[in-house]
Amino acid sequence: MSEICRICQFKLNEIIHFGKMPLANAFLTQEQFDHEYFFDLILCICPRCGMLQLQYQPDPKEMFHDHYAFFSSTSHKMSEHFLHFANDIKNTYLCHKKDSFIVEIGSNDGIFLKNFLHTSIKHLGIEPSLNVAKVAQENGIHTLSDFFSKNLSTQIIAKYGKADVITAANVMCHIPNITSVVQGVIELLHPDGVFIFEDPYVGDILEINSFDQIYDEHVFYFSVTSLQNLFQQFGLEIIKVEPQKVHGGSLRYTVAFQNTHHIDTSVHYYQRKENSQRISDPHIWKQFQKNVHEIRDNFITTLNDLKKQKKSVVGYGATSKSTTVLNFCNIQSDLISYICDTTPIKQFKYSPGTHIPILPYSEFQKNKPDYTVLFAWNHFDEIMQKEIDYTNSRGKWIIFFPQVKVL
Ligand code: DWN
Ligand code: SAH
């Protein structure tokens, strides 16, 4: 257990203890039920630097390996999101440079870097989960299958030189030794280069009660304030902050060496906002804790009522996030008969901890249920577009943020 802050070594304050949890992406077979791994999921805050973090995170090698279950390209909207992201970078930072080089940390199946194929921009992805990295490699995307760290950046420089842009999407918040990552970025980044990353924003988690963002892989929950505290120790600064609609509300941070770039007003805007919200104050999180318990009770009551009425209820999207909800609420297959998901590696397995069957999407198409719990709520627009016939034929959706609701 790490009861001290991973960044400033100050004693952490507990915000909420979710109880025992399995690994969010450890979908399993029946034979594996008896050997399932559980750990204590405890969200804490550092009263000194304001960084929210897990008290304990399982070993990264247990989570990211050669059978990692999340493939980024399962969402068309996310593919569009990364196309726009790539175009922004090309237009803002790379168009006037010759021989430019971009590195992505946590490149997964190549959803972002594919936009740099067939251009004059050199690219490299760093992705420790071998099975997803292989998909990228098979599509011609240069990918090194390893965990990014200070040591790795020395090897990258020796082979490819310094990077003009380093990106990371939904990755920085996964890495416990974040100071080694920042040191690696400092070494790898060209003196006038930029490091751009995005992650779910703690302000949105607080605002909409999205407690399902809290699971093993997400060791940190960033605010602008806590990140500034981190970066200033290393001679870096945030020069721009841009809100993103993806993953239930994220922020994109552009970071550079101190005094090399103009600081956008968005940075001051978020700092002031977080100050007035008192986002780093442990007391503010008491209300969040209350809301989370209320959502849990209402969700269980809703599902029990539907069971009494003999309604059919299934889940949509076997997300990592659903592992927290299902285990925290102890929901099993008597309340949700299966979860449909388009990812082959998850299909015909069982959800971690509460063992609900995961079935292919075709099952949902064949037998339309009365009620569907939208576990992939962050892809709401995309899924509503796709399922318009279900909704029009009186299929009901259950969502749980900011509170439990039947649509
Ligand atoms: O941070 C992380 C984010 C980026 O991705 C990782 N730690 C793990 C993962 O989190 P997640 O599993 O909660 O991500 P998603 O994108 O919410 O997962 C969506 C799931 O739903 C996937 O398994 C694919 C599935 N899906 C589907 O079956 N039909 C998704 C869509 C859009 C669909 O139409
Ligand atoms: N960037 C993608 C994937 C996010 S999921 C997207 O936004 O959709 C998190 C990814 O980070 C996984 O593919 C995981 O294997 C990778 N990852 C975890 N720890 C890492 C590390 N230390 N260095 C690089 N990648 C890492």
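Located above this text is the structure these notes cover.
Residues numbered from 1 in each chain as written. Chains lettered and ligands numbered in written order. Predicted model: local features only at pLDDT ≥ 70, side-chain atom pairs only at ≥ 80, totals over all residues. Heavy atoms only, no water.

(A) How the structure looks around the site of ligand 2. Around ligand 2, the structure places 19 residues, and the nearest of them are Ser 72, Glu 127, Ser 129, Ala 169 and Asn 170. One of the side-chain N or O atoms of Glu 127 is found 2.5 Å from an oxygen atom in ligand 2. In the model, an oxygen atom of ligand 2 is placed 2.8 Å from a nitrogen or oxygen of the Ser 129 side chain. Taken by itself ligand 2 offers 570 Å² of open surface, and the protein chains cover 97% of this. Looking at the shell around ligand 2, its residues break down into twelve nonpolar, six polar and one charged. (Near = heavy atom within 4 Å. Polar contact = N/O pair within 3.5 Å; in protein donor to acceptor, adjacent residues only side chain to side chain. Areas by Shrake-Rupley, 256 points an atom, 1.4 Å probe, with all protein chains shown as cover. Nonpolar A, V, L, I, M, F, W, Y, C, P; charged D, E, K, R; others polar.)

(B) A look at the site of ligand 1. Of all residues adjacent to ligand 1, which total 25 residues, the nearest are Glu 217, Lys 321, Asp 341, Lys 346 and Lys 386. Here an oxygen atom of ligand 1 sits 3.3 Å away from a polar atom, N or O, in the side chain of Thr 343. Starting from 710 Å² of accessible surface for ligand 1 in isolation, the protein chains cover 97%. Taken together, the elements giving at least two residues each to the shell around ligand 1 come down to α10 (320–328) and α12 (380–386). Among the elements that make up the shell around ligand 1, the one with the highest residue count is α12 (three residues). Of the residues contributing to the shell around ligand 1, the split by class is seven nonpolar, twelve polar and six charged. (Helix = DSSP H or I, 4+ residues; strand = E, 2+ residues; numbered from the N terminus.)

(C) A look at the state of the cysteines. Evaluated as defined, the whole model comprises zero disulfides. Cys 46 forms no disulfide, and the closest cysteine sulfur to it belongs to Cys 8, at a distance of 3.4 Å. With relative accessibility at 0%, the residue Cys 46 sits in the buried group. The closest cysteine sulfur to the non-disulfide-bonded Cys 49 is located on Cys 5, 3.8 Å from its own sulfur. (Disulfide = S-S within 2.5 Å. Buried < 20%, exposed > 50% of the residue type's maximum accessible area, 1.4 Å probe, protein only.)

(D) Geometry of helix α3 (residues 130–138). What α3 keeps buried is the set Asn 131, Val 132, Ala 133 and Ala 136. On its buried face, α3 is in contact with β6 (143–144). Once α3 finishes, Gly 140 follows within two positions and takes phi at roughly 85°, a positive value. (Contact = heavy atoms within 4.5 Å.)

(E) Representation of the sheet that holds strand β3 (residues 52–54) within the structure. Strand order in the open sheet formed by four strands is β1-β2-β3-β9, with antiparallel pairing between adjacent strands. Across the chains shown, the open sheet's two edge strands, defined by having one partner strand only, are β1 (13–21) and β9 (220–221). Contacts from helix α9 (residues 285–308) reach β1, β2 (39–45) and β3, with the element oriented near 25° to β1. Its contacts with the sheet place α10 against β1 and β2, and it is angled at close to 80° to β1. (Pairing = 2+ DSSP bridges. Axes fitted to C-alpha atoms, helices over the stretch in contact; angles between N-to-C directions.)

(F) Main features of the sheet that holds strand β13 (residues 339–340). What the six strands build is an open sheet, ordered β14-β13-β12-β15-β16-β17; its pairing is mixed. Edge positions in the sheet fall to β14 (358–359) and β17 (405–406), since each has one partner strand and no second. Relative to strand β15 (residues 371–374), strand β12 (residues 313–316) runs parallel, the two sharing four bridges. Bridging across to β15, Val 313 finds its partner in Tyr 371. Strands in contact with α9 are β12, β15, β16 (396–399) and β17; relative to β16, the strand with the most contacts, it is inclined by about 155°.

(G) Expanded view of the packing of helix α4 (residues 150–160) against helix α5 (residues 178–188). Two numbers describe how α4 lies on α5: the axes approach to 7 Å, and their chain directions differ by 20°. By the angle between their directions, the pair α4 and α5 is classed as roughly parallel. You can see that α4 and α5 cross each other, and the crossing is right-handed. Contact residues: Lys 150, Ser 153, Thr 154, Ile 156 and Ile 157 in α4; Ser 180, Gln 183, Gly 184, Glu 187 and Leu 188 in α5. Classifying every residue of the contact of α4 with α5 gives three nonpolar, five polar and two charged. (Parallel < 35°, antiparallel > 145°, perpendicular 65-115°, else oblique. Left-handed = near helix turned anticlockwise from the far one by under 90°.)

(H) Inspection of the packing of aromatic side chains at higher detail. On inspection of all chains with the given rule, the structure shows 30 aromatic pairs. Arranged with centres 5.4 Å apart and planes meeting at 65°, the rings of Phe 64 and Tyr 68 form a pair that is edge-to-face. Each of the two residues, Phe 64 as well as Tyr 68, counts as buried. Ring centres 5.1 Å apart and planes at 75° place the aromatic pair Trp 285 and Phe 288 in the edge-to-face group. Of this pair, Trp 285 and Phe 288 both sit in helix α9, three residues apart, roughly one helical turn. For Trp 285, a relative accessible area of 1% translates into the label buried. By relative accessible area, Phe 288 is classed as buried at 1%. Cluster of aromatic residues (ring-pair linked, three or more members): Phe 18, Phe 211, Phe 299, Phe 328, Phe 375, Trp 377, Phe 400 and Phe 401. In this structure, Lys 122 is placed above the aromatic ring of Phe 101, and the distance from its NZ or CZ to the ring centre is 4.8 Å. The residue whose ring lies beneath Arg 252 is Phe 85, and the NZ or CZ to ring-centre distance is 3.8 Å. (Phe/Tyr/Trp six-rings, centres within 6.5 Å; stacked < 30°, edge-to-face > 60°. Lys NZ or Arg CZ within 6 Å of the ring centre and 35° of its normal.)

(I) Focus on the packing of helix α7 (residues 224–232) against helix α8 (residues 265–277). At their nearest, the axes of α7 and α8 sit 9 Å apart, and the two run at 115° to each other. Residues Val 224, Thr 225 and Gln 228 of α7 pack against Val 267, Tyr 270, Gln 271 and Glu 274 of α8. Broken down by class, the residue content of the contact of α7 with α8 amounts to three nonpolar, three polar and one charged.

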